[in-house]
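# Per-entry structural report
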Amino acid sequence: MFNKMIAATLPYMPKKLVWLFSKRYIAGETIDDAVKASLDLNAKGIKVTVDLLGEFIEDLNQATENKDAYLEIIEAFEKNKIDGNYSVKPTFFGLLIDPEVCYENIRTVVAKAAEYNNFVRIDMEDSPCVDKEIDMFRKLKAEFPQNVGLVVQAYLKRTLDDLTNMMDMQNGVSKLNYRLCKGIYVESEEIAYKKYEEINEHYIKDLEFMLKNGIYPGIATHDKNLIQPSYDLIEKYNVPKDKYEFQMLYGVTPELRQSILDKGHKMRVYVPFGKDWFGYSTRRLKENPKMAMLIIKALFSR
Ligand code: FDA
């Protein structure tokens, strides 16, 4: 109840105050900031995936600008020889305005990454986007078999069926590559598991499906209760260290991240940057009520 109240208040808090607590989750506002943060992580043996902040745009001119911005990011990252790839949110490229235009924009970004033998991950957004994002992934995967991956969300009741249905794309040339996360959007009980235990149980089922079927998973979680069962599955299916990776968000649970690295597993950090940091950070703060509490205290003390 109290957490819900905090969550409801966050969007109305002064931006400057939210920034104070958000800056640990954001690499900065410019490409140079993202390059620097990524090089710092690379120096610690951590790979990155970079994300230009923003989503749910309102006109297609913005989509073109966003596509051009990604092309610039790719040039900068490749020039700096960063060990990393790229994450995109389709609504940032116009998915909900014109899916065809969105597809062309993302296709251009994937083609640019492919020129460098690199990879673009399609983030999964809220439920009205899921079918559209799977369709887009299918189309891109047919043209760029090695250069594109998708995110799936363990909280959605449909996910195991989606994974099964997408198996036709897996073959000798083109392995499937998914990021598995719990899912961050508010979804109804009809379509999504709501309880922590249920979500974790399905997370592990989805991961087992991936490992059993030779899919490359990005195990994206900060939940220590999921890390040990993930290790157990990796051992059970005898999966070599180059056939999976762990993933975490920039600034979140660095000690747990280090403990995974210390065991010799691959780790990739999602590096968000850009001027549009407010929506992203308020979502992160909602996940972390302790941090949100600090903001409330700062607001009311003085
Ligand atoms: P859970 O929420 O149970 O958190 C476990 C523990 O982690 C908490 O108890 C706390 O200690 C710590 N923690 C979690 N969040 C924190 C925070 N913000 N600050 C401090 N501590 C925190 N979702 C989606 O719907 N589509 C997507 O494309 C992606 N992409 C994505 C990429 C990557 C690399 C990651 C790691 C996550 C995503 N997500 C996502 C978000 C994901 O769905 C999920 O909401 C968050 O990762 C939180 O879930 P956890 O698995 O960490 O568990």
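Below: a short report on this structure. (Residues numbered from 1 in each chain as written. Predicted model: local features only at pLDDT ≥ 70, side-chain atom pairs only at ≥ 80, totals over all residues.)

Turning next to the environment of V148. Position of V148 relative to the elements: it lies in strand β4 (residues 148-153). Distance in space between the C-alpha atoms of V148 and N66 is 18 Å, their sequence separation being 82 residues. Apart from the residues lying within four places of it in its own chain, the contact partners of V148 are V110, F119, V120, I122, F137, L140 and K141. (Helix = DSSP H or I, 4+ residues; strand = E, 2+ residues; numbered from the N terminus. Contact = placed C-beta atoms within 7 Å.)

One finds A34, V88, I106, Y178, L180, V269 and V271 to be the most contacted residues of the largest nonpolar core, which totals 70 residues. If you count residues domain by domain, this core takes at least three from each of domain 1 (1-26 + 278-302) and domain 2 (37-276). In contact with L180, other than residues within four places in its own chain, are V152, A154, Y203, D206, L207, M210, P217, G218, I219 and A220. (Core = buried A, V, L, I, M, F, W, Y, C linked by C-beta atoms within 7 Å. Buried ≥ 20, exposed ≤ 12 C-beta atoms within 10 Å, placed from the backbone. Domains from an automatic or database assignment.)

Further remarks concern helix α5 (residues 99-115). Along its 17 residues, α5 runs 24 Å from first to last C-alpha, staying within 8% of the 24 Å computed at 1.5 Å per residue. For α5, the complete set of buried residues consists of C102, N105, I106, V109, V110, K112 and A113. One face of α5 carries all of its buried residues, which in axial projection span an arc of 155°. Exposed residues lying more than 90 degrees from the buried face of α5 are E100 and E115. (Expected span 1.5 Å × (residues − 1). Arc of directions from axis to C-beta.)

Let's shift gears to the pairing of strand β5 (residues 177-181). Among the five residues of β5, five are classified as buried, and the element is accordingly described as predominantly covered. Residues N177, R179 and C181 of β5 are buried on one face, and the alternating residues Y178 and L180, pointing to the opposite face, are buried as well. In this structure, β4 lies alongside β5, joined through four bridges in parallel fashion. Opposite Q153, over in β5, you have C181 as the bridge partner. Handedness of the crossover is the feature at issue here: the chain leaves β4, passes through helix α7 (residues 159-165), returns alongside β5, and the resulting connection is right-handed. Pairing analysis gives four bridges linking β5 to strand β6 (residues 216-220), with the strands arranged parallel. Bridged to Y178 within β6 is P217. For the segment spanning β5, helix α8 (residues 196-212) and β6, crossover handedness is right-handed. (Pairing = 2+ DSSP bridges. Right-handed = clockwise from strand over helix to strand, strands pointing away.)

At a minimum axis distance of 10 Å, the contact between helix α2 (residues 15-22) and helix α11 (residues 278-287) shows a crossing angle of 60°. As far as their axial angle goes, α11 and α2 are oblique. In terms of crossing hand, the pair formed by α2 and α11 is left-handed. When α2 is examined against α11, the residues K15, V18, F21 and S22 are found in contact with a partner set consisting of F278, S281, T282 and L285. Split by residue class, the contact of α2 with α11 holds four nonpolar, three polar and one charged. (Axes fitted to C-alpha atoms, helices over the stretch in contact; angles between N-to-C directions. Parallel < 35°, antiparallel > 145°, perpendicular 65-115°, else oblique. Left-handed = near helix turned anticlockwise from the far one by under 90°. Nonpolar A, V, L, I, M, F, W, Y, C, P; charged D, E, K, R; others polar.)

Treat this as a map of the structure, not an account of what it does.
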